[in-house]
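Fold and geometry: a report
One-letter residues, chain by chain:
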Amino acid sequence: MPIRVQTMTNTNTNNTEKTVEQSVRAILAGAEYIRITAQGVKEARNISEIIKKLHERGYATPIIADIHFNPKVALEAVKYAQKIRINPGNYTDKSRNTKAVFSADDYKHDLQIAEEKFSALLDACKQHDVAIRIGVNHGSLSQRIMTKYGDTPVGMAYSAIEFLQICQRHNFHKLVVSM
């Protein structure tokens, strides 16, 4: 597999011109993918304008919407971006700041809730032919994972595996995993 160069803008996503300018500089420097933060619905919608401006300037570099905390934003961004980056921990009802103790049934139930929420994104990605990047880091682990595995590399691996299994059950295969 070839190594691909990806970068992330650090501009305000709602500032279309600055984000386009920074994206063009990154593309000219060799970036093959541009990741743009979409922390809210307004930012997710503006990705459409950014892509439009890039296309007007002759650039068709794939745009990855980096979703922060809110799965509903991913459902908006999937309409515009070529890939969506999500955190598995954002698809759970339990905050990692709680002191919840998960029984085996609680664990299974929380994972079912996550699958219900995540499957809506999988359906939208299929509809729009969009890939998903499952991005797992220590800050994104759900309380379910934290309770069972702690804030560990093993917990990160299981978090990714759970979501890969959900993708497999829903016959979704346009995936990238990052940790």
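See the structure above.
Residues numbered from 1 in each chain as written. Predicted model: local features only at pLDDT ≥ 70, side-chain atom pairs only at ≥ 80, totals over all residues. Heavy atoms only, no water.

1. Things to note about empty space enclosed by the protein
The following threshold applies: Using only the protein atoms, space was sampled on a 1 Å grid; points where a 1.4 Å probe fits but cannot get out form cavities, open sets with protein on both sides within 12 Å along at least five of seven lines form pockets, and lining residues are those with an atom within 4 Å of a point. Grid points are joined across faces, edges and corners, and a volume is the space filled by probe spheres set on the points. We count a stretch as a helix when DSSP gives it H or I for four or more residues in a row; a strand needs E for two or more, and each element gets its number in order from the N terminus.
Following the criterion strictly, the structure yields one cavity of 30 Å³ or more and no others. What lines the largest cavity is simply Ile-51, Leu-54, His-55, Tyr-59, Ala-60, Thr-61 and Ile-63. Tallying contributions element by element places helix α2 (residues 41-56) first for the lining of the largest cavity, with three residues.

2. Comments concerning the pairing of strand β2 (residues 33-38)
In plain terms, the rule: Categorising residues by exposure relies on relative accessible area from a 1.4 Å probe, with only protein chains included: less than 20% of the type maximum marks a residue as buried, more than 50% marks it as exposed, and the intermediate range marks it as partly exposed. Between any two strands, at least two bridges found by DSSP are needed for them to pair. By the criterion used throughout, a crossover qualifies as right-handed when its path from the first strand across the helix to the second strand runs clockwise, the strands pointing away from the viewer.
Extensive coverage of β2 is indicated by the burial of five of its six residues. Bridging between strand β1 (residues 6-8) and β2 involves three bridges; their strand directions are parallel. Along β2, the bridge assignment pairs Met-8 with Arg-35. Following the chain from β1 across helix α1 (residues 16-28) to the adjacent parallel β2, one finds a crossover that is right-handed.

3. As for the pattern of salt bridges
For clarity, the cut-off: Any Lys or Arg side-chain nitrogen located within 4 Å of an Asp or Glu carboxyl oxygen qualifies as a salt bridge.
All chains considered together, the criterion is met by 10 salt bridges. Linking Glu-21 and Arg-57 is a salt bridge whose minimum nitrogen-to-oxygen distance equals 2.5 Å. Of the two residues, Glu-21 is situated in helix α1 and Arg-57 in the loop between α2 and β3 (63-67); the sequence distance between them amounts to 36 residues. Arg-57 gets classed as partly exposed once you look at its relative accessible area, which sits at 40%.

4. Some details on the packing of aromatic side chains
The condition that has to hold: Here the aromatic set is Phe, Tyr and Trp, taking the six-membered ring for Trp, and pairing holds for ring centres within 6.5 Å; pairs whose planes are under 30 degrees apart are stacked, those over 60 apart are edge-to-face, and all others are tilted.
Under the defined criterion, the tally for this structure stands at four aromatic pairs. Centre to centre, the rings of Tyr-91 and Phe-118 are 5.3 Å apart; their planes meet at 75°, and the pair counts as edge-to-face. Of this pair, Tyr-91 sits in the loop between β4 (83-86) and α4 (104-128) while Phe-118 sits in helix α4, and the two are 27 residues apart along the sequence. Comparing Tyr-91 with Phe-118, the two get one shared label, buried. Grouped by ring-pair contacts, the aromatic residues Tyr-91, Phe-118 and Phe-163 constitute a single cluster.

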